[in-house]
Structures are given as C-alpha cells and as structure tokens.
Amino acid sequence: MGAKRVAVFASGNGSNFEAILANWQETGFEDGQVSLLVCNNPGAFVLTRAKEWKVPTFVCPSRNYPDKTAYELAILEVLQKHQIDFIVLAGYMRLLGPTLLAPYEGRIVNLHPSLLPAFPGKDAIGQALEHGVRISGITIHFVDEGLDTGPIIYQQAVALDPDETRQTLTAKIQQVEHQVYPEIVKACVTEQVVLEGGKVKWRKQPFNVR
Ligand code: GAR
C-alpha cells in the first residue's frame, strides 16, 4: 500500500500544518504524505511555510466564486487532481458543505481549541477565558455538516491558572496541539481509528500520544 495522500486545509498561521510535517519527518512516518495545502486566505503565513516545505498549494479566496457549491467544486477538482485520500483541517475557518463532505465521508478531521461540546465556533480560547473555566483543552473530531459537532476521536485537557491570559492559554493549547494532532492524524490515515456507523472505532488499542 502506498502512502495516503493528505490535504491540509488552513486559513492562517499554520503552526499545526508545520507540526504535522515536522513530526512525520522526524518519526519517519511513511504511510502518509502531506501532498497539498488548501488555503482560502492569500495573505496567510501558512503559505510561506508550505513553500519552505515544498508542499503544493491551492489558494482559493471564497469571494472569487459565485456561491459555496462552486467554491467547493473548485476545491474538489484540485483534490481529485492531486489524488487526495484524506483531509485534515488545521485552523481552516470555514464550514464544509456537502460538496466536500459527501466524497470524503469519514475521511475529514478537525482540530478545535476547547473541550467540545464547550465553546464551539470562533474564538474558543476567548470564550473559555470569558467563562472563567478552570479546565479547557483540545478536541480532535471527524467532521460533519455542523459547527464543531462531529464524532470525537480524542481530547486532552489543559488546566487554566487564575492569572491566565489569552497569550498564555493560546501557548499552552498550541503546545498540546502540536504534540497530539500529528499522532492522531497518523492513526486516522492508517485506519487505526475509523468512523463506523457514525461512531468512532479504535482498531488498535492502547493508544498513547504523550
Ligand atoms: C488552532 O489552535 C486550532 O485549534 C484552531 O485554530 C488554530 C490554528 O492555528 N482551530 C479552530 O479554532 C477551528 N474552529 P495554526 O494556524 O497555528 O495551526
């Protein structure tokens, strides 16, 4: 079996995109390969990272398309051209519609900076601080049509200090994300964890990413 071809979708900084590439290189992971970056924001720093890592990019500002279906059809065409098997959302700030969800059902994952179902949507870190929670964290889940609602694959908690700021909490959460997301994506692309009848099934336990 050849390496699974993975497309990462990102809109901004791209630290998780780079963490996946670095981890897979360092650990000699050969069953998956980041073969494409899809980015809806032409000014995003993730594009600079993709250039450094020599990952092909598709830059697609949604305003260039008449509607969401046309936008996603354009992306789908590029995914098919690059023979993409699996989609990884890493700070991609748009909801996926049926045009992309249907052909990649069970083969799209997302990373979210809270313990879902708490604080879905935008600015999960700000929401956690606003509510004064003592524990937040990260969630990795399969993607469905909802806003951060898909079946949960993995979660890890992060404790908040009484004097936590947006900056310190972001740093703590990102540190966990960079450690965990590349490993969970490995498990997904090698089908150690799959979506079966709408439920998450681990085929190989125990699983340890720490
Ligand atoms: C990450 O913290 C990720 O959890 C979050 O965006 C950040 C992207 O950082 N995703 C969401 O909020 C999705 N709702 P990065 O561009 O440095 O990887």
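Calculation notes
- Residues numbered from 1 in each chain as written.
- Predicted model: local features only at pLDDT ≥ 70, side-chain atom pairs only at ≥ 80, totals over all residues.
- Heavy atoms only, no water.
- Helix = DSSP H or I, 4+ residues; strand = E, 2+ residues; numbered from the N terminus.
- Rg over C-alpha atoms; globule rule 2.2 N^0.38 Å.
- Buried < 20%, exposed > 50% of the residue type's maximum accessible area, 1.4 Å probe, protein only.
- Contact = heavy atoms within 4.5 Å.
- Areas by Shrake-Rupley, 256 points an atom, 1.4 Å probe, with all protein chains shown as cover.
- Lys, Arg positive; Asp, Glu negative; His and termini not counted.
- Charge placed at Lys NZ, Arg CZ, Asp CG, Glu CD.
- Expected span 1.5 Å × (residues − 1).
- Core = buried A, V, L, I, M, F, W, Y, C linked by side-chain atoms within 4.5 Å.
- Salt bridge = Lys/Arg side-chain N within 4 Å of Asp/Glu carboxyl O.

A. The arrangement of the overall build of the protein in detail. Across its full length, the protein carries six helices and nine strands. For 210 residues, the compact-globule formula gives about 17 Å, and the C-alpha radius of gyration of the protein, at 17 Å, lands near that figure. By principal-axis analysis of the C-alpha atoms, the protein measures approximately 50 × 40 × 35 Å. Counting all 210 residues of the protein, 48% fall into the buried class. When contacts within the protein are restricted to residue pairs at least 6 apart in sequence, those whose partners lie at least 24 apart make up 62%. Carbon and sulfur atoms make up 50% of the accessible area of the protein, which totals about 10,600 Å². On the protein, the mean spot of the 20 positive side-chain charges and the mean spot of the 22 negative ones are 2 Å from each other.

B. Spotlight on helix H1 (residues 15-26). The terminal C-alpha atoms of H1, which comprises 12 residues, lie 16 Å apart, in line with the 16 Å expected from a rise of 1.5 Å per residue. Buried residues along H1 sit in contact with strand E1 (4-10), strand E2 (32-39), helix H2 (46-52), strand E4 (86-89), strand E5 (108-112) and helix H6 (166-189). Trailing H1 by a residue or two, Gly-28 shows a phi angle of about 65°, which is positive.

C. Expanded view of the nonpolar core. Formed by 43 residues in total, the largest nonpolar core has its most connected members in Phe-17, Leu-37, Val-88, Val-109, Ile-140, Ile-153 and Tyr-181. Counting residues per element, this core draws most heavily on H6, which supplies 10 residues. Leu-76, Leu-89, Leu-101 and Tyr-104 belong to the second largest nonpolar core, which has 21 residues in total.

D. Examining the pattern of salt bridges more closely. Here the structure, examined in full by the defined rule, presents nine salt bridges. Lys-4 is the partner of Glu-191 in a salt bridge, and the nearest nitrogen-oxygen pair spans 3.6 Å. Placement of the pair is Glu-191 in the loop between H6 and strand E8 (193-196) and Lys-4 in strand E1, with a sequence separation of 187 residues. With a closest N to O distance of 2.7 Å, Glu-18 and Arg-49 form a salt bridge. Here the residue Glu-18 occupies a position in helix H1, and Arg-49 occupies one in helix H2, the gap between them amounting to 31 residues.

Function cannot be inferred from these measures alone, as they are strictly geometric.
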